[in-house]
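Report on the structure
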Amino acid sequence: SAAEAKIEAPASDVEMQYVTVDEAAELLGKDDYVFFDVRKAVDVQMATIPGTLAYDMDAAKEGDFEAGVKVMQEATKDLDKNIVLVCYSGKRYAQATTNVLSALGYDMSKVYTLKGGFTAWNKAGKEVKIADSVKAPEADVVMEYITVADAAKVLGDENYVFFDVRKADDHAKATIPGAASHDMDAAKGGDFAHGVATMQLATRGLDKNIVVICYSGKSYAQATTNVLSALGYDMSKVYTLEGGFTAWSEAGKATAAAEVK
């Protein structure tokens, strides 16, 4: 009604309280907890934590407080449960949502943010649910190879990105300088949904050539190629490093320990 006071944004960010991935996994499905995935609807649709409710808070994260209020008013109507907020990495989307919930007068002792967000959940190998539309190819997608010599030439070229899809631990020990770690071990082991979530995060907004680095240019790269194809990535831009990291090292090319973030 016109008499309702306008809901004001808090003057500064409301402090968030966190739950770890392991704690969240224990709480999932409990009667007194509800999980809100506040990432963009298109991303939630592609891959999410099973049982979460999708509430797109992108507009709120971009500063449209009123849009966020509308979404959360609807989400929390008659709700008195503990809420676990899932965003990309546990920061901006969750913060925008926390601010809105606080302004709406929700009991903030019951509002938690998943530490590290969906990215951390996926990295921990927890279960993910993917859209029915993302189907594993019936047969392996043919891989296009790039030689060590050619890969060395495009290293550092802004039109190319290097994805090290080996186990994160191995990437940390030694990798190609500048290569990003996208552990596809679960996908290689047959967990297609996990691979989809990993590559979806890796390729968000990306339109570059991808050089896929695995151990010897076979199973990890194949799993990655299959997933990228299922996600609709432009496959003319996806290359596998022939012989993998092994061949790169044996050729005496520069390697680096991963920068610890």
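Keep in mind the model is a prediction, meaning the values are calculated, not measured.

Some thoughts on the overall build of the chain
- Tallying secondary structure elements over the chain gives twelve helices and twelve strands in all.
- Expressed as a percentage of its 261 residues, the buried residues of the chain come to 45%.
- Long-range contacts, defined as pairs at least 24 residues apart, comprise 74% of the intrachain contacts of the chain with a sequence gap of at least 6.
- Surface summary for the chain: the accessible area is close to 13200 Å², and the carbon and sulfur share equals 49%.
- Distance between charge centroids for the chain: 3 Å, based on 27 positive and 39 negative side chains.

With respect to the pattern of salt bridges
- With the rule as written, the count across this model stands at ten salt bridges.
- Between Asp 22 and Lys 126 there is a salt bridge; the shortest N-O distance is 3.1 Å. Residue Asp 22 is found in helix 1 (residues 21-27), and its partner Lys 126 is found in the loop between helix 6 (117-123) and strand 7 (129-130); the two are separated by 104 residues along the sequence.
- Linking Lys 153 and Asp 150 is a salt bridge whose minimum nitrogen-to-oxygen distance equals 3.5 Å. Highlighted residues: Lys 153 and Asp 150, both in helix 7 (residues 148-154), separated by three residues, approximately one helical turn.

Comments concerning the packing of helix 4 (residues 65-76) against helix 5 (residues 92-103)
- Between helix 4 and helix 5, the shortest axis-to-axis distance is 9 Å and the interhelical angle comes to 70 degrees. In terms of orientation, helix 4 and helix 5 fall into the roughly perpendicular class. The crossing of helix 4 and helix 5 is right-handed. Along its contact with helix 4, which presents Phe 65, Gly 68, Val 69, Met 72 and Thr 76, the element helix 5 presents Thr 97, Asn 99, Val 100, Leu 101 and Ala 103.
- By residue class, the composition of the contact of helix 4 with helix 5 is six nonpolar, four polar and no charged.

Looking at the sheet that holds strand 2 (residues 33-37)
- Read from one edge of the open sheet, five strands run 1-6-5-2-4, paired in parallel fashion. Edge strands, defined here as strands with exactly one partner in the open sheet, are strand 1 (17-19) and strand 4 (53-54).
- Where strand 2 lies against strand 4, two bridges are found, and the strand directions are parallel. Bridge pairing in strand 4 links Asp 37 to Ala 54.

Section: the environment of Tyr 106
- Locating Tyr 106 in the fold gives a position in the loop between helix 5 and strand 6 (111-114).
- Since its relative accessible area comes to 11%, Tyr 106 is described here as buried.
- With 37 residues separating them in the primary sequence, Tyr 106 and Val 69 have C-alpha atoms 12 Å apart.
- With residues up to four places along the chain from it excluded, the contact list for Tyr 106 reads Thr 76, Leu 79, Asp 80, Lys 81, Ile 83, Leu 101 and Val 111.

Here we look at the pairing of strand 11 (residues 209-213)
- Counting buried positions along strand 11 yields five of five residues, so the element is predominantly enclosed.
- Here strand 11 shows no split at all, with Asn 209, Val 211 and Ile 213 on one side and Ile 210 and Val 212 on the other all buried.
- With five bridges connecting them, strand 9 (residues 160-164) and strand 11 associate as parallel partners. Looking across to strand 11, one finds that Tyr 160 is bridged to Asn 209.
- Once you follow strand 11 into helix 11 (residues 219-230) and on to strand 12 (residues 238-241), the crossover reads as right-handed.

The rules behind these values
- Residues numbered from 1 in each chain as written.
- Predicted model: local features only at pLDDT ≥ 70, side-chain atom pairs only at ≥ 80, totals over all residues.
- Heavy atoms only, no water.
- Helix = DSSP H or I, 4+ residues; strand = E, 2+ residues; numbered from the N terminus.
- Buried < 20%, exposed > 50% of the residue type's maximum accessible area, 1.4 Å probe, protein only.
- Contact = heavy atoms within 4.5 Å.
- Areas by Shrake-Rupley, 256 points an atom, 1.4 Å probe, with all protein chains shown as cover.
- Lys, Arg positive; Asp, Glu negative; His and termini not counted.
- Charge placed at Lys NZ, Arg CZ, Asp CG, Glu CD.
- Salt bridge = Lys/Arg side-chain N within 4 Å of Asp/Glu carboxyl O.
- Axes fitted to C-alpha atoms, helices over the stretch in contact; angles between N-to-C directions.
- Parallel < 35°, antiparallel > 145°, perpendicular 65-115°, else oblique.
- Left-handed = near helix turned anticlockwise from the far one by under 90°.
- Nonpolar A, V, L, I, M, F, W, Y, C, P; charged D, E, K, R; others polar.
- Pairing = 2+ DSSP bridges.
- Right-handed = clockwise from strand over helix to strand, strands pointing away.

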